[in-house]
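# Tertiary structure, described
Here's the letter readout for the chains.
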Amino acid sequence: MPVFDNLVAAYAAEGYAVSTGLNPTVFHNLHSVPFTWLIRDGVEVADGLGISLPEIYLLECLAAVRPAESILVIGNSFGWSTLALALAQPQARVVGLDSAADRFSLEGLELTARIAGRLGLDRVSPVRGTSPVDIPATVEKHLGGQVDLAFVDGHHTSDQIVAEYRALRPLLTPDAMVLFHDVQYTGLQAGFDTIVEESGWQGSMLHATPSGIGFLTADPSPALARVIAAFATDPSALEVVRRKGERFGAEFGS
Ligand SMILES: C[S@@+](CC[C@H](N)C(=O)[O-])C[C@H]1O[C@@H](n2cnc3c(N)ncnc32)[C@H](O)[C@@H]1O
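Okay, so let's go over this structure. All values derive from a computational prediction rather than experimental measurement. (Residues numbered from 1 in each chain as written. Predicted model: local features only at pLDDT ≥ 70, side-chain atom pairs only at ≥ 80, totals over all residues. Heavy atoms only, no water.)

### Concerning the site of the ligand
To keep it simple, the criterion reads: In these notes, residues near a molecule or strand are those with any non-hydrogen atom within 4 Å of it. Here a polar contact is recorded for every N or O atom pair within 3.5 Å, except that within protein the pair must consist of a potential hydrogen donor and a potential acceptor, and residues adjacent in sequence are included only if both atoms are side-chain atoms. We get accessible surface area from the Shrake-Rupley algorithm with a probe of 1.4 Å; when it comes to residues, only the shown protein chains can shield them. With a 1 Å grid laid over protein atoms only, a set of points is called a cavity when a 1.4 Å probe fits there but cannot get out and a pocket when it is open yet has protein on both sides within 12 Å along at least five of seven lines; lining residues have an atom within 4 Å of a point. Pocket or cavity membership: a molecule qualifies when more than half of its atoms sit within 2 Å of the grid points of that site.
Close to the ligand lie 22 residues, the nearest being G75, S81, D98, S131 and D153. The contact in question runs from an oxygen atom of the ligand to an N or O atom on the backbone of A101, over 3.1 Å. Contact between the ligand and D153: a nitrogen atom at 2.7 Å from a side-chain N or O atom of the residue. When isolated, the ligand has an accessible area of 610 Å², and the protein chains bury 94% of it. With respect to the pocket detection grid, the ligand is positioned in the largest pocket.

### Brief notes about the sheet that holds strand β3 (residues 43–44)
Rule in force here: When DSSP finds two or more bridges between a pair of strands, those strands are recorded as paired. Only DSSP runs of H or I with at least four residues qualify as helices, and only runs of E with at least two residues qualify as strands; both kinds are numbered from the N terminus onward.
The sheet built from three strands is open, its strands ordered β1-β2-β3 with antiparallel pairing. With partners counted over all chains shown, the strands left at the sheet margins are β1 (17–19) and β3, one partner each. As paired elements, β1 and strand β2 (residues 37–40) share three bridges and run antiparallel to each other. Counted as the bridge partner of V18 is L38 from β2.

### Considering the pairing of strand β7 (residues 147–152)
This is how the line gets drawn: When a residue's accessible area, from a 1.4 Å probe over protein chains only, is under 20% of the maximum for its type it is buried; when over 50% it is exposed; and in between it is partly exposed. When the strands point away from the viewer and the path from the first strand over the helix to the second turns clockwise, the crossover is right-handed.
With respect to burial, β7 is a largely interior element, six of its six residues being buried. Where strand β4 (residues 70–74) and β7 come together, four bridges link them in parallel fashion. Bridging from a neighbouring strand, I71 pairs with L149 of β7. Sheet analysis places β7 next to strand β8 (residues 172–180), joined by five bridges and oriented parallel. Note that in β8 the partner of F151 across the bridge is L179. Read as a crossover between parallel neighbours, the route from β7 over helix α6 (residues 158–168) to β8 is right-handed.

The structure is reproduced here in structure tokens:
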């Protein structure tokens, strides 16, 4: 099932208009416009923005090569990424965990449940709880004690994602994939590097995602390796773009 248009229609049916995938240069260089904004009655309703359009596409590409049975989203907010994963992975149980740290997160958990009902996704569980302390009990209760795919997008500090990885580690299946959202966007490279080193797994920076997703898996199949390589971007291509960006910055001061 295509994910994006289904999500937009489902949020619209609940009275939420969606803006996502915009080009910053067209919107006063506001760097957050590629991400997903939810608007109700003309007002922005989430503190934490939802994942971007290329990131939804990434989730669909991953589902095609590595179906998951048990998915944990840390940082549910309004359910955008939780529901995107549930649509992309039609066989999976999906938990969206949120501590209600953000102003609208409780409303977001309720909205997630309503949209899941509207889409017939009884496999989705929006759960109020705090990461990392509540990870083991939540995974035990809703996912049978193990995680095939974790999407980490809660509190954005390096210490936090390292603590979350350590809580997740005993629960991860051998083929598990862990996605750390916003590593580049919010400066979590040090935490991601620590996680890669501690895990001994393969870590990749997915440059073709607007938030700079850090991706972790133990042993990618050839098909998964192709997806990772495509989203990581060929290093020689990246270097050409980087050099041109440096020249552009030096000339125009950006
Ligand atoms: C950036 S938003 C998540 C966006 C969401 N993944 C999406 O794509 O729609 C971050 C969310 O994490 C939640 N959060 C912050 N710290 C948390 C923690 N320690 N445990 C669980 N949730 C947390 C916030 O309440 C907020 O709703």
